[in-house]
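Listed here are the chains, written in short residue letters.
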Amino acid sequence: ELRMALEQAKDLENQQNEQLDEIINIASNLKDNAGNINMLIDQQKGIIEDVDKDVDVAREKMNFVMKKLSVLLKTSDTGLLCTVMILIGILFVLIVLFIA
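The paragraphs below set out a description of the structure included in this document. Owing to the predicted nature of the structure, the values given are computational and were not obtained by experimental measurement.

Notes on the overall build of the chain
Here's step 1: Counting secondary structure elements, the chain contains two helices and zero strands.
Here's step 2: A compact globule built from 100 residues would reach a C-alpha radius of gyration of about 13 Å, whereas the chain, at 34 Å, exceeds it by more than 25%.
Here's step 3: Each principal axis of the C-alpha atoms in the chain carries an extent, and together these give about 105 × 35 × 20 Å.
Here's step 4: The buried share of the chain, taken over its 100 residues, is 4%.
Here's step 5: Element-wise, carbon and sulfur atoms account for 64% of the exposed surface of the chain, whose accessible area totals about 9,300 Å².
Here's step 6: On the chain, the mean spot of the 10 positive side-chain charges and the mean spot of the 16 negative ones are 19 Å from each other.

Describing helix 1 (residues 2–73)
Here's step 1: Counted at 1.5 Å a residue, the expected span for helix 1 with its 72 residues is 106 Å, and the 102 Å between its end C-alpha atoms agrees.
Here's step 2: The elements touched by buried residues of helix 1 are helix 2 (78–99).
Here's step 3: The first or second residue beyond helix 1 is K74, which carries a positive phi of 55°.

Considerations on a nonpolar patch on the surface
Here's step 1: A surface patch of nonpolar side chains, about 810 Å² in accessible area, is lined by I86, L87, I90, F92, V93, L94, V96 and L97.
Here's step 2: Residue position: L97 is located in helix 2.
Here's step 3: The class of L97 is exposed, set by a relative accessible area of 60%.

Rules used in this analysis
Residues numbered from 1 in each chain as written. Predicted model: local features only at pLDDT ≥ 70, side-chain atom pairs only at ≥ 80, totals over all residues. Heavy atoms only, no water. Helix = DSSP H or I, 4+ residues; strand = E, 2+ residues; numbered from the N terminus. Rg over C-alpha atoms; globule rule 2.2 N^0.38 Å. Buried < 20%, exposed > 50% of the residue type's maximum accessible area, 1.4 Å probe, protein only. Areas by Shrake-Rupley, 256 points an atom, 1.4 Å probe, with all protein chains shown as cover. Lys, Arg positive; Asp, Glu negative; His and termini not counted. Charge placed at Lys NZ, Arg CZ, Asp CG, Glu CD. Expected span 1.5 Å × (residues − 1). Contact = heavy atoms within 4.5 Å. Patch = residues over 30% accessible without salt bridge, like charges linked within 9 Å, V, L, I, M, F, W, Y side chains within 5 Å. Salt bridge = Lys/Arg side-chain N within 4 Å of Asp/Glu carboxyl O.

Laid out in structure tokens, this is it:
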């Protein structure tokens, strides 16, 4: 009976060791995945920062054009200014298509 109890205890210990090994492998995989995700986030953060800078530059240029256009048209109505800019863009596209 004592042998049987010792064998059962040994079997239980072996099962626990296998489960611990499995948990260690899962934790290691999670660590690797977390590292990969962190690397991707850092890359995307850099891309987003670059896009943000480009948007800021474009916004500044657009504000400059809107101010000049408002002086030219003697209005500060942004709806009218946007409409004029869109029409100028359409005109430009039509000229390019006509020439091509």
